[in-house]
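What follows is the residue order along each chain.
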Amino acid sequence: MDTKVRDRVVTRGRMQALRPLRAMTDGPSTLSAPPIPATPLPAQDEGDVALGPDELTALLAINRAIGRHLHRDHLFGAMATCLKAVVPTDRFGIELPIENDQLQGHLLTPRGVNDEPTRPTLLPARGTACDWVLRHHEWLVVSRRDELRERFPVTFDVMRTGSMESLCALPLITGGSCRAVLFFMAAAPGAYRHVRRTLVEQIASAVAAALDDCLAHEEVRRLRDQLAAENVYLREELKRDHHFDEIIGNSQELRQVMALIERVAPTNATVLIVGETGTGKELVARALHEHSARRERSLVKVNCAAMPAGLVESELFGHERGAFTGATEKRIGRFTLADRGTIFLDEIGDIPADVQLRLLRVLQEHEFEPLGSSKTVKVDVRVIAATNRDLAAAMAAGSFRADLFYRLNVFPIHVPPLRARPGDVAPLVHYFIQKYATKIGKHVASVSDATMQRLASYPWPGNIRELENVIERAVILSPGPSLEVEAQVAPLSSAGQETDADGGPILTLEDSERAHILRTLKGCGWVVDGPRGAASMLGVNPNTLRSRMKKLGVRRTNDVAP
């Protein structure tokens, strides 16, 4: 087996070493690139090309050590163990080109412990010797760092800081492409003047093949993890009941909302959906996504109010293993899942203050760092946010960042409550009857006039969600093909209620409080604070009034954030 491996290594090494070998044998004048202030490796006789027994043994050991590692840290650790005994070096590593015209360096630790992470560094590519090697696919050997001062100032500074004098940089070429550069540095001048070129070239060939496999495996792992995370998310979404297959209703108020959706959906503009709980804000977000150019990608939903405050950041941006207590494995964040798609941030008004700044950066720069990582992740995501809170008031109170509010409020859409569009009650009732009669297995063909009148006259503080629940209960209790909604099913319905001495319906205490607050607010022009505000007129603290308004669902129906 060792003989076969040796023959394969020698053959591959000779084939891949042919071009750089001829270039070095002919001298610097044969290089297509401009002349560089460096010392080429010395030419050798044809008899010196073949490897000796000790060199073959070393090369086989390197192939065995690095050929079975597909994890970057393990591979680089194995390289460190093998190469330190073959090539004289005080510092060596691998430079990989990354985005923004930079090089990511991995210093190979002489200890070579397999589970020890490498120490990545970042350098601008321009002004480095490794960048020249990457672009020209040629060797570079330097006996003194002063030779690099003018042409490669960045490399010169690195070597001066580390007290290095000699440099040997080799392109790692596979399939005609240079994926990285393997470099060696030594404190002694001229350390690589007499290096065995044939051996080092074949070492570079073996390292290049192993690195290519490692990088390909990393990309496969990344895609696999992302697909797995997307599948988990989509399975969770399929388990949920989204209440609607389409937007139901034909009122003027709803037609205005649909007109806004039609206009803004084809764009990439950020949309802020404002409306009371249960009005169908998520349905509007889905309509925006389905009518956009991103409809082939995912619509990723995040309920900011449903997550513990300490986990919102991890849920949105992801985290590395060990980023915090309990982070036992790497997690891909929702923004990464939504790349080239849409993310729906529901209940955005409940996002913690410390996360608001990071969210602002994503909206402005389209980038972020996962928790525990220094790597910047670029994303192309359309953001749709929704809230039932008054963000303008929260901004004034200091609980919501003003700059984030203005970034979110590019295109506001106000979804009116059901009581503001009573004409949509009937089509919604028929839709829910069909949905739940089919689901339960009952035949319900009609709705009595008395029932429809009671449903249409009810103010629906819980909006469409409350209506759906009432119809589901009514279908379950209905004894025949005509739906009847009894008083115990919708006890707050005003139809059929007893009247007071003035002939008006007898309201519950909560309805009376809601109506009284509404009348006072309208009389005060919806001003809460101040001597002429509603709080003063009602004799309560302004914060108490705001709390009661939120609990009772009191909201100015045309209160759209500017």
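Residues numbered from 1 in each chain as written. Predicted model: local features only at pLDDT ≥ 70, side-chain atom pairs only at ≥ 80, totals over all residues. Heavy atoms only, no water.

A. Inspection of the overall build of the protein chain at higher detail. Along its length, the protein chain carries 19 helices and 15 strands. For the protein chain, the proportion of its 562 residues judged to be buried stands at 46%. Considering only contacts in the protein chain between residues 6 or more positions apart, those separated by 24 or more positions represent 69%. Only carbon and sulfur atoms are counted for the fraction: they give 53% of the accessible area of the protein chain, which is about 28200 Å². (Helix = DSSP H or I, 4+ residues; strand = E, 2+ residues; numbered from the N terminus. Buried < 20%, exposed > 50% of the residue type's maximum accessible area, 1.4 Å probe, protein only. Contact = heavy atoms within 4.5 Å. Areas by Shrake-Rupley, 256 points an atom, 1.4 Å probe, with all protein chains shown as cover.)

B. Fine view of the nonpolar core. Of all hydrophobic cores here, the largest spans 33 residues; its most connected members are Met79, Leu83, Ile94, Leu170, Leu172, Phe184 and Leu211. Breaking this core down by element, the ones donating at least two residues are helix H3 (72-83), strand E1 (91-98), strand E5 (166-174), strand E6 (177-186) and helix H6 (197-239). A per-element tally of this core places H6 first, with ten residues. The residues contacting Leu211, other than those within four sequence positions of it, are Leu75, Phe76, Ile94, Leu96, Leu172 and Ala180. Val274, Leu316, Phe405 and Leu408 belong to the second largest nonpolar core, which has 32 residues in total. (Core = buried A, V, L, I, M, F, W, Y, C linked by side-chain atoms within 4.5 Å.)

C. Fine view of the pattern of salt bridges. For the coordinates displayed, the defined rule picks out 21 salt bridges. Of the charged contacts in the structure, one is a salt bridge between Asp380 and Arg294, with a shortest N-O distance of 2.8 Å. Taken as a pair, Asp380 in the loop between strand E11 (377-378) and strand E12 (382-387) and Arg294 in the loop between helix H8 (281-290) and strand E8 (299-303) lie far apart in primary sequence, 86 residues in all. Looking at Asp380, the relative accessible area reads 39%, which means it is partly exposed. Residue Glu315 pairs with Arg334 through a salt bridge whose shortest N-O separation is 2.9 Å. With Glu315 in helix H9 (residues 312-317) and Arg334 in helix H10 (residues 334-337), this pair connects stretches of sequence that are 19 residues apart. (Salt bridge = Lys/Arg side-chain N within 4 Å of Asp/Glu carboxyl O.)

D. Structural detail: the confidence of the model for the protein chain. Per-chain confidence: the protein chain averages 77 in pLDDT, with 75% of residues scoring 70 or above. For residues 1-48, every residue scores under 50 in pLDDT, and the model assigns this stretch 72 contacts once sequence neighbours within four places are set aside. Within the model, the stretch residues 492-504 combines pLDDT values under 50 with 21 contacts to residues more than four positions away or in other chains. (pLDDT = per-residue confidence, 0-100.)

E. Inspection of the packing of helix H14 (residues 425-440) against helix H15 (residues 449-457) at higher detail. Where H14 meets H15, the closest approach of the two axes is 10 Å, and the angle between their N-to-C directions is 120°. What the angle tells us is that H14 and H15 run oblique. Seen from above, H14 lies across H15 with right-handed handedness. Together, Val425, Ala426, Val429 and His430 of H14 and Met452, Leu455 and Ala456 of H15 make up the contact between the two elements. (Axes fitted to C-alpha atoms, helices over the stretch in contact; angles between N-to-C directions. Parallel < 35°, antiparallel > 145°, perpendicular 65-115°, else oblique. Left-handed = near helix turned anticlockwise from the far one by under 90°.)

F. Representation of the packing of aromatic side chains in the model. The tally for this structure, following the rule as stated, stands at eight aromatic pairs. Summarising the aromatic geometry, the rings of Phe92 and Phe184 are spaced 6.0 Å apart at their centres and angled 10° between planes, so their arrangement reads as stacked. In this pair, Phe92 is assigned in strand E1 and Phe184 in strand E6, connecting sequence segments 92 residues apart. Relative accessible area serves as the criterion here: at 0%, Phe184 is assigned to the buried category. Ring centres of Tyr458 and Trp460 lie 4.5 Å apart, and the angle between their planes is 80°; this geometry places the pair in the edge-to-face category. Assessed through its relative accessible area of 0%, Trp460 is described here as buried. Aromatic ring contacts, followed pair by pair, group Phe92, Phe184 and Tyr192 into a single cluster. (Phe/Tyr/Trp six-rings, centres within 6.5 Å; stacked < 30°, edge-to-face > 60°.)

G. Structural detail: the sheet that holds E12. Ordered by their spatial adjacency, five strands build an open sheet running E8-E9-E12-E7-E13, and the pairing between neighbours is parallel. Lying at the two open borders of the sheet, with one neighbouring strand each, are E8 and strand E13 (411-414). Here the average twist between neighbouring strands, direction ignored, is 20°. Strand direction decides the pairing type here: strand E9 (residues 342-346) and E12, joined by four bridges, are parallel. Bridged to Ile343 within E12 is Val383. (Pairing = 2+ DSSP bridges.)

H. Quick look at the packing of H14 against helix H16 (residues 463-477). At their nearest, the axes of H14 and H16 sit 9 Å apart, and the two run at 45° to each other. Considering the angle they form, H14 stands oblique to H16. Handedness of the crossing formed by H14 with H16: right-handed. Contact residues: Val425, Leu428, Val429, Phe432, Ile433, Lys435, Tyr436, Ala437 and Ile440 in H14; Ile464, Leu467, Glu468, Ile471, Glu472, Val475 and Ile476 in H16. Taken together, the residues of the contact of H14 with H16 sort by class into 13 nonpolar, no polar and three charged. (Nonpolar A, V, L, I, M, F, W, Y, C, P; charged D, E, K, R; others polar.)

I. Broad picture of unusual backbone geometry. Here Arg340, not a glycine, exhibits a phi torsion of approximately 70°, which is positive. Of note in this structure, His366 is not a glycine but carries a positive phi near 60°. Counting through the fold element by element, His366 comes out in the loop between helix H11 (353-365) and strand E10 (367-368).

J. Structural detail: the environment of Gln252. Counting through the fold element by element, Gln252 comes out in helix H7 (residues 252-264). Of the residues examined, Gln252 reaches a relative accessible area of 42% and is grouped as partly exposed. With 169 residues separating them in the primary sequence, Gln252 and Arg421 have C-alpha atoms 7.9 Å apart.

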